[in-house]
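Per-entry structural report
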Amino acid sequence: MPALTTTPDGFLLHGTPFRILSGALHYFRVHPDQWTDRLRKARLMGLNTVETYIPWNLHEPTPGTLDLDGLLDLPRFLRLAQAEGLHVLLRPGPFICAEWDGGGLPFWLTADPDIRLRTSDPRFTGAVDRYLDLLLPPLLPYMAAAGGPVIAVQVENEYGAYGDDTAYLKHLESSLRSRGIEELLFTCDQADGDHLAHGTLPGVLATATFGSRVDHHLARLREAQPEGPLMCSEFWIGWFDHWGGPHHGRDTADAAADLDRLLSAGASVNIYMFHGGTNFGYTNGANHHHAYAPTITSYDYDAPLTESGDPGPKYHAFREVIARHATVPAEPVPSPSPKLPHTEVELTHRLSLFRRLGHEGTRSIDPVTADELGRRAGYVLYRTTMSATGTGLLHFEGGVGDRAQVFVDGAPAGVLERERYDETLPVHVPRPGAVLDVLVENMGRVNYGPRIGVPKGLLGPVTFNGEALRGWDCHALPVDEPPAIAFGPADTPASAQPAFHKGTFEVAEPADTFLSLPGWTKGQAWINGFHLGRYWNRGPQRTLYVPAPVLRPGSNDLILLELHGTTTPKAHLTDTPDLGPAKS
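Residues numbered from 1 in each chain as written. Predicted model: local features only at pLDDT ≥ 70, side-chain atom pairs only at ≥ 80, totals over all residues. Heavy atoms only, no water.

1. A word on the overall build of the protein
To be explicit about the condition: Here a helix means four or more residues in a row that DSSP labels H or I, a strand means two or more in a row labelled E, and each is numbered from the N terminus. Based on C-alpha atoms, the radius of gyration is set beside the globule rule, defined as 2.2 Å times the residue count to the power 0.38. Only protein chains enter the calculation, and the probe is 1.4 Å; a residue is then buried if its accessible area is under 20% of its type maximum, exposed if over 50%, and partly exposed in between. In this analysis, two residues are considered to be in contact whenever any of their non-hydrogen atoms come within 4.5 Å of each other. The positive count covers Lys and Arg only, the negative count covers Asp and Glu only, and His and the chain ends enter neither. Every charge is mapped onto a representative atom, which is NZ of Lys, CZ of Arg, CG of Asp or CD of Glu.
Helix and strand content of the protein: 10 helices and 36 strands. In summary, the protein has a C-alpha radius of gyration of 25 Å against a globular reference of 25 Å for 584 residues, a match within 12%. The principal-axis extents of the C-alpha atoms in the protein amount to approximately 80 × 55 × 40 Å. Residue burial in the protein is summarised as follows: out of 584 residues, 59% are buried. For the protein, the proportion of contacts with a sequence separation of at least 24, taken over those separated by at least 6, is 80%. Once the 48 positive and 68 negative side-chain charges of the protein are each reduced to a mean point, those two points are 2 Å apart.

2. Quick word on helix H5 (residues 122-139)
Since one α-helical turn is 3.6 residues long, residues separated by three or four positions face the same way. How we decide: What a helix is expected to span follows from its residue count: subtract one and scale by 1.5 Å. Given a residue, its bend is the angle between the two axes fitted to the seven residues that end at it and to the seven that start from it.
For H5, spanning 18 residues, the distance from its first C-alpha to its last is 25 Å, which sits close to the expected 26 Å at 1.5 Å a residue. At Asp133, H5 shows its largest kink, close to 30°, and the proline Pro137 lies no more than four residues downstream. Buried within H5 are the following residues: Phe124, Thr125, Gly126, Ala127, Val128, Asp129, Tyr131, Leu132, Leu135, Leu136 and Leu139. If you follow the buried residues of H5, they end up packed against helix H2 (56-59), helix H3 (74-83), strand E6 (87-91), helix H4 (107-110) and helix H6 (166-178).

3. Concerning the side chain of Thr369
Tracing the sequence through the fold places Thr369 in the loop between strand E16 (362-364) and strand E17 (378-386). With sequence-adjacent residues up to four places away left out, Thr369 is seen in contact with Tyr382, Pro455, Lys456, Leu458 and Leu459.

4. Some words on the packing of helix H1 (residues 35-44) against H3
We count it as follows: Axis angles are defined between N-to-C directions and span 0 to 180 degrees, where every axis is a line fitted to C-alpha atoms and, for a helix, only to the segment in contact. Should an angle fall under 35 degrees it is called roughly parallel, over 145 degrees roughly antiparallel, and 65 to 115 degrees roughly perpendicular, with every other angle called oblique. The crossing is said to be left-handed when, going from far helix to near helix, the turn is anticlockwise and less than a right angle, and right-handed when the turn is clockwise. When residues are sorted by character, Ala, Val, Leu, Ile, Met, Phe, Trp, Tyr, Cys and Pro go into the nonpolar class, Asp, Glu, Lys and Arg into the charged class, and all the rest, Gly among them, into the polar class.
Closest axis-to-axis distance for the H1/H3 pair is 10 Å, and the angle between their directions is 40°. Classified by the angle between their axes, H1 and H3 sit oblique to one another. The chirality of how H1 crosses H3 is right-handed. Residues Trp35, Thr36 and Leu39 of H1 touch H3, and the partners they reach there are Arg76, Phe77, Leu80 and Ala81. Here the contact of H1 with H3 is built from residues that sort into five nonpolar, one polar and one charged.

5. Points about the packing of helix H9 (residues 252-264) against helix H10 (residues 313-323)
Interhelical geometry of H9 versus H10 gives an angle of 25° and a closest axis separation of 9 Å. Taken as axis vectors, H9 and H10 run roughly parallel relative to one another. Handedness of the crossing formed by H9 with H10: right-handed. Contacts between H9 and H10 pair Thr252, Ala255, Ala256, Leu259, Asp260 and Leu263 from the former with Pro313, Lys314, Ala317, Phe318, Val321 and Ile322 from the latter. Class assignment for the residues of the contact of H9 with H10 results in nine nonpolar, one polar and two charged.

6. Some words on the pairing of strand E23 (residues 434-442)
Formally: If DSSP finds at least two bridges between two strands, the strands pair.
Within E23, eight of the nine residues are buried, leaving the element largely enclosed by the surrounding structure. Two elements, E17 and E23, share nine bridges in a ladder whose sense is antiparallel. By the bridge assignment for E23, Leu381 is matched with Leu439. Inspection of the sheet shows strand E20 (residues 403-408) paired to E23 by six bridges, in the antiparallel sense. Among the inter-strand pairings, Val406 is bridged to a residue of E23, identified as Val438.

7. A look at the pairing of strand E21 (residues 411-417)
Relative to E21, E20 runs antiparallel, the two sharing six bridges. Along E21, the bridge assignment pairs Val406 with Gly414. The hairpin turn running from E20 into E21, its antiparallel successor, is two residues long, and Asp409 in that turn takes a positive phi close to 50°.

8. Regarding the sheet that holds strand E4 (residues 21-25)
Here eight strands make up a closed barrel; going around it, the order is E4-E5-E6-E7-E8-E9-E10-E12 and the pairing parallel. Within this sheet the neighbouring strands show an average axis-to-axis angle of 30°, counted without direction. Bridge count for E4 against strand E12 (residues 268-275) is four bridges, and the pairing is parallel. Of the residues in E12, the one forming a bridge with Leu21 is Val269. Strand contacts of H1: E4, strand E5 (49-53) and E12, with the helix running at about 140° to E12, the strand carrying the most contacts.

9. Section: the environment of His247
To keep it simple, the criterion reads: Polar contact criterion, stated in full: a pair of N or O atoms within 3.5 Å, where within protein one must be able to donate a hydrogen and the other to accept it, and residues adjacent in sequence count only if both atoms are side-chain atoms.
Within the secondary structure, His247 sits in strand E11 (residues 247-248). Judged by relative accessible area, which is 11%, His247 ranks as buried. Note: C-alpha distance between His247 and Glu173 (74 residues apart in sequence) is 38 Å. Of note is the side chain of His247, whose polar atom sits 2.6 Å from the side chain of Asp241.

Below, the structure is given as structure tokens:
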């Protein structure tokens, strides 16, 4: 029998009335050495549960492999949650959305143009089942039935917004049960429209997602499910940001008032997000409603706990609300974490990105996509030679995925972005045999809707003045980690070619800090080999969060991959984040 059961109007935990007071905390967006701190702060705000998605694409990076190390050590996260006295809601997908690269679906699966994602297509359900065969055995000891913290497991994720294949949902339910999951299962759907009708299953608890109009949405949930607990499984108290857009926020008093309405109605809640964290590395997703819009590196979400783990205004306000409805720990509210003093970093060494090509890559008549090259994320460099000379138009049939920098004989010739500009670029070819380089950046895979799985890289042939350019070397660039080979001194002015820049700085005692890059344009940042993520002067985000555990006493290394060149050899570590002008 599951530990968490339902009554006509609530939950029982081990037979005792229980209200879920949960907050979303994604282990894969937080440095593992900070999990204990974040979990403790969840308990001190008055939460009794934390919720997390599970990103399939990172846990099974190639078919048949399972990664549970570092940021992905979910068993350790579950042990720490239980040690803090917290229950856990697990949301394994297979689709998670979460503004996460590809919505959590592996690129090696979505690259198949014929597969019908999130349906009972046996190619999809077979891949899901093979993944669950890998994932679930190491997680079963952490289910409540085995004495662990996990009290409920979600089936799919907001499926009613995508499809209505009930056979698919039933398959997922059966797949979880047949592999040993005894705990309460639930679905999660938006309360408006027909989402609840399409995304729910008989015998599986239905929950709703919303951020306002509490009475209305609870009434819609009750219409769809006449008996059982009322639960908002994503109570949206902030929002995420896109590059080139505003930094979103939500008024604290407004969010707290809606939380109070929700709890006053007797409902259970999962606050989304309690702590957003960071899209480290190449993990951010993208939306594609009217146009392609990639998500920024920060996932701060204007949450109660800031990206750097400090209690913000919502933390204090929500704690007061929760205290009206439940017992809140008497321990004092945590103070903000120490921050590193302002530190200037001089980047004294440089290495051209194009010098890292090594072998000739994949040779093809026309460019091949990044997916065909087996590249989940990052960059692909396409190189060919041009026989024609003079000024003309380069045309990219099919467009680019997602941002292309064009070089002729090493000189920058322009930039193209997915759907943002015309797919044609005027260039001047100075000589026969001039080298054409096209560096294409994957800015994040779409995480919601029908465009999941759209390929990256160059998406069709390339012509110059109507003549097809043939014979391409396609290089999937190895930039998951900073280069280990020697950098040369940056004793000449930086060119506009993409290059790695390296500098060192001293730290007396590691503490949280924020990397500020005025004068730099766009690229990636690593400190001591830890991939902080993407920066871009387009904003809104102007600083990158640097977790204290990334630093070490003494000498530390900063490496930037700058795609456009810089006006300064310096970077700065500051004690204040800058996520851009806020929009409520």
